Amino acid sequence: QVQVVESGGGLVQPGGSLRLSCTASGYIVSINIMGWYRQAPGKQRELVATITSGGETNYAESVKGRFTIVRDNAKKTVSLQMNSLKPEDTAVYYCNAELISRPLYKATIYWGQGTQVTVSS
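The structure displayed is predicted, hence computed values, not measured ones.

Caption draft 1: A look at the pattern of salt bridges. Following the criterion strictly, the structure yields four salt bridges and no others. Asp89 serves as the salt-bridge partner of Arg66, at 2.7 Å between the closest nitrogen and oxygen. Pair noted here: Arg66 is in the loop between strand S6 (57–59) and strand S7 (67–72) and Asp89 is in the loop between strand S8 (77–82) and strand S9 (91–101), with a separation of 23 residues, a long-range link. Exposure remark for Arg66: the relative accessible area of 11% places this residue in the buried category. By relative accessible area, Asp89 is classed as buried at 1%. Overlapping salt bridges, with partners in common, bring together Arg38, Glu46, Arg66 and Asp89 in one network.

Caption draft 2: Seen up close, the state of the cysteines. With the rule as written, the count across this model stands at one disulfide. There is a disulfide in this structure between Cys22 and Cys95, and the S-S distance comes to 2.0 Å. Judged by the torsion about the S-S bond (-80°), the Cys22/Cys95 disulfide is left-handed. Here Cys22 is found in strand S3 (residues 18–25), whereas its partner Cys95 is found in strand S9, with 73 residues between them in sequence. Accessibility assignment for this pair places Cys22 and Cys95 in one class, buried.

Caption draft 3: Geometry of the nonpolar core. Counting residues in hydrophobic clusters, the biggest one holds 31 residues, and the most contacted among them are Trp36, Leu80, Met82 and Tyr93. Listed by contribution, the elements that provide at least two residues to this core are S3, strand S4 (28–39), strand S5 (46–51), S7, S8, S9 and strand S11 (115–119). Among the elements that take part in this core, S9 stands out by supplying five residues, more than any other. Other than its neighbours up to four places away in sequence, Met82 contacts Gly16, Ser17, Leu18, Leu20, Arg66, Phe67, Tyr93 and Val117.

Calculation notes
Residues numbered from 1 in each chain as written. Predicted model: local features only at pLDDT ≥ 70, side-chain atom pairs only at ≥ 80, totals over all residues. Heavy atoms only, no water. Salt bridge = Lys/Arg side-chain N within 4 Å of Asp/Glu carboxyl O. Helix = DSSP H or I, 4+ residues; strand = E, 2+ residues; numbered from the N terminus. Buried < 20%, exposed > 50% of the residue type's maximum accessible area, 1.4 Å probe, protein only. Disulfide = S-S within 2.5 Å. Core = buried A, V, L, I, M, F, W, Y, C linked by side-chain atoms within 4.5 Å. Contact = heavy atoms within 4.5 Å.

Encoded structure:
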C-alpha cells in the first residue's frame, strides 16, 4: 500500500508564510514527479508547483517568486514554502506523486487527503 500524507496547513494573515510538507510511504520503487495542487471553493483543482526527481521545477504563474518547492529523494518528501501569502491563495492543498511501487511496477499517480490553507486577517 502506498500513502501520500500532507501536513502544515493552517490560518495565516496576508503577507505571512506557511510551509507544507508531504511524505510518500509504502513499497515504493521510484518516484518521478511530486507536486502540489490546490482547489478553492467553487473552482477546479489547479497546479501550484511540481518537481522532478532531477530537481526540475514548474510553477503556476500566480505563485512564481512567492512559493518554493523542494524535494528530498532519499526521504521521499516534498515541501512547499509559501511566502507573501494572499487571500486568493486560500484553498485545500493536495500533494501528488507519480511513482512506481511493488507489486504493480507501473507508474501510478497518488494523491494526499489535502490540507487547508486559509489566508485571512
